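# Analysis of the macromolecular model
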Amino acid sequence: MRIGIGYDVHRLTEERKLILGGVEILHTLGLAGHSDADVLLHAVMDALLGAAAMGDIGAHFPDTEEKYRGISSMKLLSSVRALVEKEGYRVVNIDATVIAQRPKLRPYIAAMEQNIADALAIETGQVNVKATTEEGLGFTGTEQGIAAQAVCLLKRV
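A brief report on the enclosed structure follows. (Residues numbered from 1 in each chain as written. Predicted model: local features only at pLDDT ≥ 70, side-chain atom pairs only at ≥ 80, totals over all residues. Heavy atoms only, no water.)

## Looking at helix α1 (residues 39–51)
Spacing of three or four residues puts side chains on the same side of an α-helix, whose turn is 3.6 residues. Taking 1.5 Å per residue as the helical rise, α1 with its 13 residues ought to reach 18 Å, and the 18 Å between its terminal C-alpha atoms agrees with that figure. Within the sequence span of α1, burial applies to Val 39, Leu 40, Leu 41, His 42, Ala 43, Val 44, Met 45, Asp 46, Ala 47, Leu 48, Leu 49 and Ala 51. Two residues or fewer past α1, Ala 53 is found with a positive phi of approximately 55°. (Helix = DSSP H or I, 4+ residues; strand = E, 2+ residues; numbered from the N terminus. Expected span 1.5 Å × (residues − 1). Buried < 20%, exposed > 50% of the residue type's maximum accessible area, 1.4 Å probe, protein only.)

## Brief notes about the environment of Thr 124
With respect to the helices and strands, the residue Thr 124 is situated in the loop between α4 (109–120) and β6 (127–132). Sequence spacing of Thr 124 and Lys 104 is 20 residues, and the spatial spacing of their C-alpha atoms is 21 Å. When near neighbours in sequence (up to four residues on either side) are disregarded, Thr 124 contacts Glu 113, Gln 114 and Ala 117. (Contact = heavy atoms within 4.5 Å.)

## Thoughts on the environment of Gly 141
With respect to the secondary-structure elements, Gly 141 resides in helix α5 (residues 138–141). A C-alpha to C-alpha distance of 8.4 Å links Gly 141 and Arg 102, two positions 39 residues apart in sequence. Those residues in contact with Gly 141, other than ones at most four positions away along the chain, are Gln 101, Glu 134 and Gly 136.

## Topic: the side chain of Asp 36
Note on placement: Asp 36 falls in the loop between β4 (30–31) and α1. Arg 16 provides the closest opposite charge to the buried, salt-bridge-free Asp 36, at an N-O distance of 6.2 Å. Reaching out from Asp 36, the side chain makes a polar contact with the backbone nitrogen of Asp 38 at a distance of 3.2 Å. Reaching out from Asp 36, the side chain makes a polar contact with the side chain of Ser 73 at a distance of 2.5 Å. What Asp 36 contacts, discounting residues up to four positions off in sequence, is Arg 16, Ile 19, Leu 31, His 42, Gly 70, Ile 71, Ser 72 and Ser 73. (Lys, Arg positive; Asp, Glu negative; His and termini not counted. Salt bridge = Lys/Arg side-chain N within 4 Å of Asp/Glu carboxyl O. Polar contact = N/O pair within 3.5 Å; in protein donor to acceptor, adjacent residues only side chain to side chain.)

## Considering the pairing of strand β7 (residues 145–156)
Pairing between strand β1 (residues 2–13) and β7: 10 bridges, direction antiparallel. Residue pairing for β7: His 10 is matched across the bridge by Ile 146. (Pairing = 2+ DSSP bridges.)

## Side note on the sheet that holds β1
Read across the open sheet, the five strands follow the order β4-β1-β7-β5-β6; overall the sheet is mixed. With one partner strand each, in any of the chains shown, β4 and β6 form the two edges of the open sheet.

Here it is in structure tokens:
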């Protein structure tokens, strides 16, 4: 069994869609980044790669490569699943937290969990996504950005 931890943060900006867990969220701001800047999926990918001792998403999908500009993080997550499986691992579970003052994410959580489960070829009961605020504190609390943390458990198959 292998445990991995992932963390990601992106700055909120105008003129971008807000995508979290592969779900487009209605909001006045989106996240800045080379890809679609989905902080939740980026944290999940880093947790998976870390558990398999395979580096991080920057090593596999560098932001210096044009082919990743604007790419869906759902596609990248599916690629990470393939990399992890090639190393002989299977995902046991994912637990993740999105840290954002606004918007409220509760209405979108089930769709995020389903997207993650589908990309990882696991059951939705193996994925848990939570959302929290920082009560107005820090860069997420002042709505400058959104962060996400994720942990995963892999087993050798």
